[in-house]
Amino acid sequence: MTCRPFWLSLCLMFVVMSPANAESWADNIYESLQERKLPEESLSLAAIPLDGPGEPRFVNADEQMNPGSTMKLVTTYAALELLGPNFQWHTRLYTDGEQKGDTLKGNLYYVGVGDPKLTLERMWLLLRDLRAMGIKHIRGDLILDGSYFHLPNGVPHFNDDGDNPYAPYLVEPNSLLTNLNVFRIRMMSRDGKVHVSTEPPVSKIVIDNQVTAPERGRCPVHNSKALQYEPDFSDRRKITVTITGALPENCRADRYLSLMSQENYTANLIRGLWREMGGSISGRDRTGRLARGAKLLVTTSSPDLVTMVRDINKWSSNIMARQLFLTIGAENRLAGDKDDLAAADRAILEWMRLKGIDVSQVVLENGSGLSRVERITAHQQALMLQQAWRSPFAAELIASLPLVAMDGTMRNRLRNTALVGEGHIKTGTLSNVRSIAGFTRDQNNTTWAVAAMINDRSAWKSRAVLDEVLKAVHTLVEPGTDASRVTTASADGDRR
């Protein structure tokens, strides 16, 4: 085409909006794959415009893939609609005895309901309320009722390929979960000594501190190999954690470890906090069902579901997502469901079908993405996000996702680009898996639903590829778009 000066602006507009340009939108994505020697078939991608001009874009979009933690979007969106944004978990203490002065003569029942975030602070408040009733001594057993989740065969074990079996992200779901079932070990190096403390206060945890305190040196980064933690479970009365390594003067370090079953952790947490309040429990710890006719003493209620969903998606909490998945099952259980995992699977897939989404390739296991078997296609995931955009609870879901270059698991990605704050994107990471899913805007302020997954043994190299996906969507200029409204800023922040 030959363009005279008079028609130059129209010709430029034609070039910008030509089909050839539309077809080249993914060039940088393919180049990024090639640079990292990743096969094109390892990428599955779908992008659908939601509130402006544009045609959906697909790359291997109907290939069944492991989504990693972007599966949490399925669980959290389903929960908002199936449970409601104001859903809460109510954990209660009961007794089958009578109060005589400052003594409760009878058993104390703790009834857990799978609260995803029953923190140390809330447990302290629950027991403070019990103490405020004038009760100091409990002459009976501490009985823990974890029957809210129906899991007669337990949950499938995740075969982690890491080197820390006590990592918090491996905690398994349980009705009796408290404080995410983790201990925090805190260290401070000062005056030639390393001071160590543990939280929460549990007498069964003993620290063998062998850490040296050199005068000079770099402070260790999070999860540094400079400090080693070795738990010893040989003594049934205690768990000894031996810490070795070096912590230079004026440095701090901490580590979160899961060292007990949920039942033992919760029982020890209750006893430790109660002891700090000057109280005592004379009986033993055991699991069991709430006795008929037991009287309610005190209750703690969780924040609403919207708050939980934000914590799950911003920071990709596996245990909170797994608790939520099972809660969907428990609240929608039918007689034919073998357990609450099956109930959640059935309820969520039925809900997706009602949304008009083909679920033939959706495989759920625990709803968190911490799974080798969970599967979905990028097309299905993008269609689900399209439905979420139309949901009455769209704002709640979108606000729960990490903001590009600003917070959550996206806080260190795409900084110093035109994409800062332009997308709400959930990330996913497993060995052999990297993924993104969420909502992002193009240069014309059209919002797109985007889902992209890379499944390959070298997926660990692919973060830049997924960043290129977001850049490619951001720089789209679709046919029919008023080019005068489109900024000339590239996805790298340059201006031409």
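For every chain, the first residue of its written sequence is number 1, and the numbers climb from 1 along that sequence. Since the coordinates come from a predicted model, pLDDT governs what is reported: local features require at least 70, and pairs of side-chain atoms require 80 or more to be given and counted, while whole-chain, interface and lining totals use all residues. Side-chain metrics rest on all non-hydrogen atoms present in the structure, leaving aside hydrogens and water.

## A look at the sheet that holds strand E10 (residues 193–199)
Piece 1. Here a strand pair is declared whenever DSSP counts at least two bridges between the two strands. For the purposes of this entry, the term helix denotes a DSSP run of H or I that reaches at least four residues, the term strand denotes a run of E that reaches at least two, and both are numbered from the N terminus. Here we have 3 strands laid out as an open sheet, ordered E10-E9-E14, and antiparallel in their pairing. Each having just a single partner strand, E10 and strand E14 (252–257) make up the two edges of the open sheet. The mean angle between the axes of side-by-side strands here comes to 15 degrees, regardless of whether they run parallel or antiparallel.
Piece 2. Sheet topology places strand E9 (residues 183–190) next to E14; 6 bridges connect them, and they run antiparallel. Counted as the bridge partner of phenylalanine 183 is leucine 257 from E14. The convention used is that axes are lines fitted to C-alpha atoms, helices contributing only their stretch in contact, and that angles between N-to-C directions extend from 0 to 180 degrees.

## Description of the state of the cysteines
Piece 1. Cysteine sulfur atoms that come within 2.5 Å of each other are treated as a disulfide pair. Taken as a whole and judged by the stated rule, the model has 1 disulfide.
Piece 2. With its sulfur 1.9 Å from that of its partner, cysteine 219 forms a disulfide with cysteine 251. Classification of the bridge connecting cysteine 219 and cysteine 251 rests on its S-S torsion, roughly -80 degrees, and on that basis the disulfide is left-handed. Here cysteine 219 is found in the loop between strand E11 (205–212) and strand E12 (227–232), whereas its partner cysteine 251 is found in the loop between strand E13 (239–246) and E14, with 32 residues between them in sequence.
Piece 3. Exposure is judged per residue with a 1.4 Å probe applied to protein chains only, and the accessible area is read against the type maximum: over 50% gives exposed, under 20% gives buried, and values in between give partly exposed. Owing to a relative accessible area of 43%, cysteine 219 belongs among the partly exposed residues under this scheme.

## Concerning the nonpolar core
Piece 1. Throughout this description, the term nonpolar core refers to a set of buried Ala, Val, Leu, Ile, Met, Phe, Trp, Tyr and Cys residues connected via side-chain atoms within 4.5 Å. Counting 56 residues, the largest nonpolar core has Leu305, Ile348 and Met352 as its most contacted members.
Piece 2. In this description, contact between two residues means that some pair of their heavy atoms is separated by no more than 4.5 Å. In contact with leucine 305, other than residues within four places in its own chain, are Ala79, Leu80, Leu83, Gly84, Pro85, Phe87, Trp89 and Leu324.
Piece 3. By size, the runner-up hydrophobic cluster in this structure holds 44 residues, among which are Phe183, Ile185, Tyr265 and Leu273.

## Remarks on the sheet that holds strand E8 (residues 142–145)
Piece 1. An order of E16-E8-E6-E3-E17 is seen for the 5 strands of this open sheet, with the pairing classed as mixed. Edge positions in the sheet fall to strand E16 (285–287) and strand E17 (295–301), since each of these pairs with one other strand and no more. Across the sheet, the axes of successive neighbouring strands diverge by a mean angle of 20 degrees, strand direction being ignored.
Piece 2. Where helix H5 (residues 120–132) meets the sheet, its contacts fall on strand E3 (90–95), strand E6 (108–111) and E17, and the angle it forms with E17 comes to roughly 150 degrees.

## Describing the environment of threonine 287
Piece 1. Note on placement: threonine 287 falls in strand E16.
Piece 2. Put simply, threonine 287 and aspartate 141 are 146 residues apart on the chain and 10.0 Å apart in space, counted from C-alpha to C-alpha.
Piece 3. Apart from residues lying up to four places away in sequence, threonine 287 is in contact with Ile143, Leu144 and Glu263.

## Some points on the packing of helix H3 (residues 27–35) against helix H12 (residues 463–474)
Piece 1. Two numbers describe how H3 lies on H12: the axes approach to 8 Å, and their chain directions differ by 175 degrees. Judged by the angle between their axes, H3 and H12 are roughly antiparallel. Mapping the contact onto sequence places Asn28, Ile29, Ser32 and Leu33 in H3 and Ala464, Val465, Glu468, Val469 and Ala472 in H12. By definition in this entry, angles of less than 35 degrees are roughly parallel, angles greater than 145 are roughly antiparallel, angles of 65 to 115 are roughly perpendicular, and the rest are oblique.

## A closer look at the environment of proline 220
Piece 1. Tracing the chain through its elements places proline 220 in the loop between E11 and E12.
Piece 2. Its relative accessible area of 18% is what places proline 220 among the buried residues.
Piece 3. Here the alpha-carbon distance between proline 220 and glutamate 40, two residues 180 residues apart in the chain, equals 38 Å.

## Thoughts on the pattern of salt bridges
Piece 1. Each reported salt bridge corresponds to a side-chain nitrogen of Lys or Arg within 4 Å of a carboxyl oxygen of Asp or Glu. Taken as a whole, this structure holds 17 salt bridges when the rule is applied.
Piece 2. With a shortest N-O distance of 2.9 Å, lysine 295 and glutamate 98 are connected by a salt bridge. With lysine 295 in strand E17 and glutamate 98 in strand E4 (residues 98–100), this pair connects stretches of sequence that are 197 residues apart.
Piece 3. The partly exposed category is assigned to lysine 295, whose relative accessible area is 36%.
Piece 4. On the basis of relative accessibility, which here comes to 46%, the residue glutamate 98 falls in the partly exposed class.
Piece 5. Taking the shortest distance from any N to any O, the salt bridge between aspartate 115 and arginine 122 comes out at 2.9 Å.
Piece 6. Overlapping salt bridges bring together Asp337, Arg346 and Glu350 as one network.

## Brief notes about the confidence of the model for the chain
Piece 1. Summarising the model, the chain shows a mean pLDDT of 92, and 91% of its residues fall at 70 or more.
Piece 2. By definition, pLDDT measures how confident the predictor is in each residue, and it falls between 0 and 100. Here residues 1–22 scores under 50 on pLDDT; set against residues more than four positions off or in separate chains, the count is 12 contacts.

## Regarding the packing of aromatic side chains
Piece 1. Pairs were defined over the aromatic rings of Phe, Tyr and Trp, the Trp ring being its six-membered one, requiring ring centres within 6.5 Å. Orientation was assigned from the angle between planes: stacked under 30 degrees, edge-to-face over 60, tilted for the rest. This model, assessed by the stated rule, comprises 6 aromatic pairs.
Piece 2. Ring geometry for tyrosine 77 versus tryptophan 351: centroids 4.7 Å apart, planes at 75 degrees, classification edge-to-face. Taken together, the residues tyrosine 77 in helix H4 (residues 72–82) and tryptophan 351 in helix H9 (residues 340–354) connect sequence positions 274 residues apart.
Piece 3. The buried category is assigned to tyrosine 77, whose relative accessible area is 2%.
Piece 4. Tryptophan 351 sits in the buried class, given a relative accessible area of 6%.

## Some thoughts on unusual backbone geometry
Piece 1. In this chain, glutamate 199 is followed by proline 200 through a cis amide linkage whose omega measures 5 degrees.
Piece 2. Along the chain, proline 200 falls in the loop between E10 and E11.
Piece 3. For alanine 405, which is not a glycine, the phi torsion comes out positive at approximately 65 degrees.
Piece 4. Mapped onto the elements, alanine 405 comes out in the loop between helix H11 (394–399) and strand E18 (423–430).

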